[in-house]
Amino acid sequence: MQLSRTALVIIASAMTAAAAPALAGNYAEGDPRPKAAASQTSVSDVSSQTRQWMATAPTVGYPEGNPRAVVQTGQKTRAQVQAEAVAWVASGMSQVAYSNASKDSMGPSYKRAEQEFARLRGQGGSVASQ
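Residues numbered from 1 in each chain as written. Predicted model: local features only at pLDDT ≥ 70, side-chain atom pairs only at ≥ 80, totals over all residues. Heavy atoms only, no water.

1. A look at the pattern of salt bridges
Keep this limit in mind: Note on definitions: salt bridges are taken to be side-chain nitrogens of Lys or Arg within 4 Å of carboxyl oxygens of Asp or Glu. Numbering of helices and strands runs from the N terminus, with a helix taken as a DSSP run of H or I at least four residues long and a strand as a DSSP run of E at least two residues long. Exposed residues in this analysis have more than 50% of their type's maximum accessible area, buried residues have under 20%, and partly exposed residues fall in between, with area computed by a 1.4 Å probe over protein chains only.
Applying the stated criterion to the full structure yields three salt bridges. The closest approach of N and O atoms between Arg 121 and Glu 84, which form a salt bridge, is 3.6 Å. A residue pair is termed long-range when its members are at least 10 positions apart, and Arg 121 in helix H5 (residues 108-123) and Glu 84 in helix H3 (residues 78-91) qualify at 37 residues. Accessibility expressed as a relative area gives 45% for Arg 121, which makes it partly exposed. Connected through shared salt-bridge partners, Lys 76, Glu 84 and Arg 121 make up one network.

2. Section: the packing of H3 against H5
Rules: Lines fitted to C-alpha atoms define the axes, with helix axes restricted to the stretch in contact, and inter-axis angles between N-to-C directions lie between 0 and 180 degrees. The handedness criterion is simple: a crossing whose near helix is rotated anticlockwise from the far helix by less than a right angle is left-handed, and one whose near helix is rotated clockwise is right-handed. By the convention used here, residues are in contact when the closest approach between their heavy atoms is within 4.5 Å. Each residue is assigned to one of three groups, with Ala, Val, Leu, Ile, Met, Phe, Trp, Tyr, Cys and Pro labelled nonpolar, Asp, Glu, Lys and Arg labelled charged, and all others, Gly among them, labelled polar.
Relative orientation of the contacting elements H3 and H5 amounts to 145 degrees, with a least axis distance of 8 Å. The handedness of the crossing between H3 and H5 comes out as right-handed. Residue-level contacts link Glu 84, Ala 87, Trp 88, Ala 90 and Ser 91 of H3 to Ala 113, Glu 116, Phe 117, Leu 120 and Arg 121 of H5. Of the residues belonging to the contact of H3 with H5, the class tally is six nonpolar, one polar and three charged.

3. A closer look at the confidence of the model for the chain
Applicable threshold: pLDDT is a per-residue confidence score from the predictor, ranging from 0 to 100.
Here the chain averages 78 in pLDDT, and 71% of its residues register 70 or above. When the elements of the chain are averaged for pLDDT, helix H1 (residues 5-24) gives the smallest value, 80, and H3 the largest, 91. The model gives residues 125-130 a pLDDT under 50, and that stretch makes seven contacts with residues more than four places away or in other chains.

4. Some thoughts on helix H2 (residues 43-56)
Cut-off, in case you're wondering: Multiply 1.5 Å by the residue count of a helix minus one, and that product is the helix's expected span.
The terminal C-alpha atoms of H2 lie 21 Å apart, and with 14 residues this matches the ideal 20 Å at 1.5 Å per residue to within 8%. The element H2 is barely covered by neighbouring structure, given that only zero of its 14 residues are classed as buried.

5. Thoughts on the nonpolar core
What counts, and what does not: Only buried residues count toward a nonpolar core. Its members are Ala, Val, Leu, Ile, Met, Phe, Trp, Tyr and Cys residues joined through side-chain atoms within 4.5 Å.
Grouped together as the largest cluster of nonpolar side chains are six residues: Ala 87, Met 93, Val 96, Ala 113, Phe 117 and Leu 120. Elements represented by at least two residues in this core include exactly helix H4 (93-98) and H5. Ranked by the residues each element gives to this core, the list is headed by H5, at three residues.

Given below as structure tokens:
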């Protein structure tokens, strides 16, 4: 038996209408989205409390002082970073790091590259001219 196009549309519409609540989610327990809470404090009260707090608030750090010592870190210039990168490549450390060979820090190729890298780093800016 062949269904007509109209019957097929009616059946599809009925099935869609029947499935719509299942696709809408479970709202039987209420809307899961958070609702705005009504404030019991006026805007002027909040602003006056904020001004009072700001008058006594610490400007930086903890109110009792900074309990932890601040670790000072050094920064290198671009030229220092570039010289170190050139030394790393020239010493062979890049080949050790990016080759398929094992990264054995006790192996002879690593030791040679490490010694050469230390030597080139000690030279400073003259590495780039080599």
